[in-house]
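# Observations on chain architecture
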Amino acid sequence: MFDLDGTLLDTSEGILASVRYVIEKEGLPPITGGESDKFIGPPIQNSLKKEYNLSSEEATRLAAIFRERYSTVDLCKASLYPGVLEMLSELRKIGCKIGVATYKRMDYASDILDKFDILPLCDCVEGADFEGRFTKKDIINNCIDNLNCPKSEVLMIGDTENDLIGAQNAGIDFLAVTFGFGFKDKSKLEFYAENCNEITKFIKNSEE
């Protein structure tokens, strides 16, 4: 089971373009390079609320502006990480079911996965609900239910603390990737992969 942003696709260009649109439209202070990564991964209303000390209502309003811009203009401003399609094809060949569990809204996730030819390689895609109430644990559990797999046979692969905590709360194993937006300090990671080839090797070794 894969996260999407920062794990399968580098979606930073499109996300940050829409964030800047909201910030400029609302007259908020611009974000710097170091702050920009905070907007990639978590639900956008959470990031906006935390960064600008907004009320829940105001953060929800700005998140709606973001989603309108992102879905119509910036969604597909993204790129595949090297080796993603080859990795997914290889995992399917050895009998793995492939799921995607993402904080992206379900319709956005399906559209962008289709655009980059990932969707046909997936058995299940689960994303955020329209109200943004699902936690990462909820999304992961929805994916597990649809894949119809015992939790002992599920591996969550992601690039941020949100993915790790979601996997822990759902009671499944986790593999960190270090090429995305989150994990930079490898010393704190139990298991990690630096590229798609290492993900494939890790899973194959786990099967043996």
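Remember, predicted model here, so these are calculated numbers, not experimental data.

## Digging into the overall build of the chain
- Assigned secondary structure in the chain consists of nine helices and seven strands.
- Against the compact-globule benchmark of 17 Å for 208 residues, the chain has a radius of gyration of 17 Å, which places it among compact chains.
- In terms of overall dimensions, the chain has C-alpha extents of about 55 × 35 × 30 Å along its principal axes.
- Within the chain, the fraction of its 208 residues that count as buried is 49%.
- By element, 46% of the accessible surface of the chain is carried by carbon and sulfur atoms, the whole surface being about 10300 Å².
- Looking at charge distribution, the chain has the averaged site of its 24 positive side-chain charges lying 2 Å from that of its 36 negative ones.

## Overview of the environment of Ser47
- With respect to the element layout, Ser47 can be found in helix α3 (residues 44-52).
- Taking C-alpha positions, Ser47 is 31 Å from Pro120, a pair spaced 73 residues apart along the chain.
- With residues up to four places along the chain from it excluded, the contact list for Ser47 reads Lys38, Phe39 and Pro42.

## Considerations on unusual backbone geometry
- We note that Asp117 has phi near 65°; this positive angle belongs to a residue other than glycine.
- The topology assignment puts Asp117 in the loop between α6 (106-115) and β4 (124-128).
- Even without being glycine, Asn148 reaches a positive phi, approximately 60°.
- Following the sequence through the fold, Asn148 ends up in the loop between α7 (136-147) and β5 (155-158).

## Some thoughts on the sheet that holds β5
- If you trace the three strands from one edge of the open sheet to the other, you get β5-β6-β7, paired in parallel fashion. This sheet does not close on itself; its edge strands, each paired only once, are β5 and β7 (192-193).
- Pairing geometry for strand β6 (residues 173-177) and β7, over two bridges, is parallel. From the neighbouring strand, Val177 faces β7, where its bridge partner is Ala193.

## Section: the side chain of Asp74
- Looking at the element boundaries, Asp74 is found in helix α4 (residues 56-74).
- Residue classification places Asp74 among the buried positions, given a relative accessible area of 0%.
- Only 2.7 Å separates the side chain of Asp74 from the side chain of Lys77, close enough to count as a polar contact.
- Excluding residues that lie within four positions of it along the chain, Asp74 makes contacts with Gly14, Ala17, Ser18 and Arg69.

## Concerning helix α5 (residues 84-93)
- For α5, the set of buried residues is Val84, Met87, Leu88 and Leu91. Projected down its long axis, α5 shows its buried positions confined to an angular sector of 95°, all on one face. Exposed residues lying more than 90 degrees from the buried face of α5 are Glu86 and Lys93.
- Packed against the buried residues of α5 are β2 (79-80) and α9 (196-207).
- The positive-phi residue at the C-terminal boundary of α5 is Gly95, with phi of around 95°.

## Quick look at the side chain of Asn141
- Its place among the elements puts Asn141 in helix α7.
- Overall, Asn141 belongs to the buried group, its relative accessible area being 18%.
- Apart from the residues lying within four places of it in its own chain, the contact partners of Asn141 are Lys151 and Ala170.

The rules behind the values
Residues numbered from 1 in each chain as written. Predicted model: local features only at pLDDT ≥ 70, side-chain atom pairs only at ≥ 80, totals over all residues. Heavy atoms only, no water. Helix = DSSP H or I, 4+ residues; strand = E, 2+ residues; numbered from the N terminus. Rg over C-alpha atoms; globule rule 2.2 N^0.38 Å. Buried < 20%, exposed > 50% of the residue type's maximum accessible area, 1.4 Å probe, protein only. Areas by Shrake-Rupley, 256 points an atom, 1.4 Å probe, with all protein chains shown as cover. Lys, Arg positive; Asp, Glu negative; His and termini not counted. Charge placed at Lys NZ, Arg CZ, Asp CG, Glu CD. Contact = heavy atoms within 4.5 Å. Pairing = 2+ DSSP bridges. Polar contact = N/O pair within 3.5 Å; in protein donor to acceptor, adjacent residues only side chain to side chain. Arc of directions from axis to C-beta.

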